[in-house]
Amino acid sequence: MTENIRIAFDALRVSKLRSALTILGVVIGVATVMAMAAIVQGIRDQIVTTIEVAGPTTFYVLKKFSQTPLNPDNLPRDVRIRPDLAEAEAERIRELPEIAYASLWAQTPARFEVSGVRTQPMPVFGADDGFMRIQGGELLEGRWFTRAELQNAAAVVVLEDKAARRLFGREGTLDRLVQIGGRPLTVIGIWSEPGNIFAPAGQSTGAVVPFRLMDRQFPIDRTNALWIPVKPRAGVSVADAQGAVTMALREMRRLRPADGNTFDLITQDQILDTFNSMTGVFFLVMMVLSGVALLVGGIGVMAIMTVSVTSRTREIGVRKALGATRRDILLQFLVEAATLTGIGGMLGIVVGLLFGRLVSLAMNIDAPVPLTLTLVAVIVSIAIGIIFGMIPARRAAHLDPITALRHE
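Figured I'd write up the structure that's included with this text. Positions within a chain are numbered from 1, following the residues in the order the chain's sequence is written. For a predicted model such as this one, the threshold for reporting local features is a pLDDT of at least 70, and the threshold for listing and counting side-chain atom pairs is 80 or more; totals across whole chains, interfaces and linings nevertheless cover every residue. Values reported for side chains reflect all heavy atoms of the structure, with hydrogen atoms and water molecules removed beforehand.

1. Section: the packing of aromatic side chains
Ring geometry is summarised as follows: Phe, Tyr and Trp rings, the Trp one being its six-membered ring, pair when their centres sit within 6.5 Å, and such pairs are stacked at plane angles under 30 degrees, edge-to-face over 60 and tilted between the two. Tallied over the entire structure, the rule returns 8 aromatic pairs. Pairing Phe-125 with Trp-227 gives two aromatic rings, centres 6.0 Å apart and planes at 80°, and the pair type is edge-to-face. Of this pair, Phe-125 sits in strand 6 (residues 122–127) while Trp-227 is found in strand 12 (residues 226–232), placing the two residues 102 residues apart along the sequence. Both residues of the pair, Phe-125 and Trp-227, belong to the buried class. Distance and angle both matter: a charge sits over a ring if NZ of Lys or CZ of Arg is within 6 Å of the ring centre and within 35 degrees of the ring normal. A cation sits over an aromatic face here: Arg-183 above Phe-218, 4.4 Å from the ring centre. Helix and strand definitions here come from DSSP, where helices need a minimum of 4 consecutive H or I residues and strands a minimum of 2 consecutive E residues; each element is numbered from the N-terminal end. For every residue, the accessible area obtained with a 1.4 Å probe (protein chains only) is divided by the maximum for its type, and the residue is called buried under 20%, exposed over 50%, and partly exposed between those limits.

Structure representation (structure tokens):
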């Protein structure tokens, strides 16, 4: 076996360019699978982390749940007839005995500006002092909003740590003014957000302001960017809490028993299921494309091995004349083919993991190395070499030694 591997590497060194082109399909196929696996796993881990921060029982009340944002200027009729979520509804939910926390939140993009330093638009939350109960993170300096500031729509803001450092550098930040969306706000706190999939690089949360301030002074997409996060009390199941919330909202909206709900509830499990279904289809498509690339790579291996057998016919005749059996010749060329695709597979793994790492860094997620898939990729690569190298290897093994020795 060792001798066969040495012969295989010698053959590869003799035909470097031809070998490189042959394994290109294998490299592309394996690299695609590895990159996708690393990215999808990283995103999934971040979603799970986000769900753990908010709590597995937290759910959300939406005007309309859609996997893709709806165009607010061209809403379907079934969405247009739904009323916008209102503060009174959040207050009614909060008063339910099954509920520990509920509040109306909104989000909108806005530019930040301090002394001529201006940022690209960043997400700004309109929320209350319970923001960290749902979003997690840590208050590094200052404080959250007082009840009076929330009720009076005070012009105050809690900046995210990275945004604060970008605007103010190392200087003191608290009690200073920052322009957000052209409105002067006083900084009262610095908050550090946890890493999560909803905060890709360049799009991480920039600041949190009182909801009423956002409602009165900022444009809000009331279909896609207005929602009520709901956290049930300890010991209350999600189903019971959702039942109570549904009953309360139907009463407030005076819906008759035959009427459908004019709002949607979505749980953390539904968010994860939605992500799994979306990435499942995406991953399946990538697997098919990778399979095509591997098939092309396998055909290339078969072609180069056929050429190799033809060009080394005399060598095969010499080996057989010296006592090599059909099995020895078959094994020699199978090892050569498997070595070729094995190298292609390992290169594909390295390229795929590097690409996955670059994408995950750009998305600000931690993508782990899929160890199991790495092992599978190596085995599949070698298997492709054995399968597609079988025909030329059998041809070499069945060559007549006398005919082979006469080959020019």
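From this point, things continue past the structure.
2. Some points on helix 9 (residues 238–252)
In a regular helix each residue adds 1.5 Å, so 15 residues correspond to 21 Å; helix 9 covers 21 Å between its end C-alpha atoms and thus fits that length. Restricting attention to buried positions, one finds in helix 9 the residues Ala-241, Gln-242, Ala-244, Val-245, Thr-246, Ala-248, Leu-249 and Arg-250. Two residues qualify as a contact provided that any one of their heavy atoms is within 4.5 Å of a heavy atom in the partner residue. Of the surrounding elements, those touching the buried residues of helix 9 are strand 1 (59–62), helix 4 (87–94), strand 2 (99–102), strand 12 and strand 13 (264–267). In the stretch just after helix 9, Arg-254 is the one whose phi turns positive, near 55°. What a helix should span is 1.5 Å times the count of its residues minus one.

3. Observations concerning unusual backbone geometry
Phi is positive for Ser-115, which is not a glycine, with a value near 50°. Mapped onto the secondary structure, Ser-115 falls in the loop between strand 4 (112–114) and strand 5 (117–118). Non-glycine residue Ala-153 carries a positive phi angle of around 55°. Within the fold, Ala-153 resides in the loop between helix 6 (147–151) and strand 8 (156–160). Judged by its relative accessible area of 11%, Ala-153 is buried.

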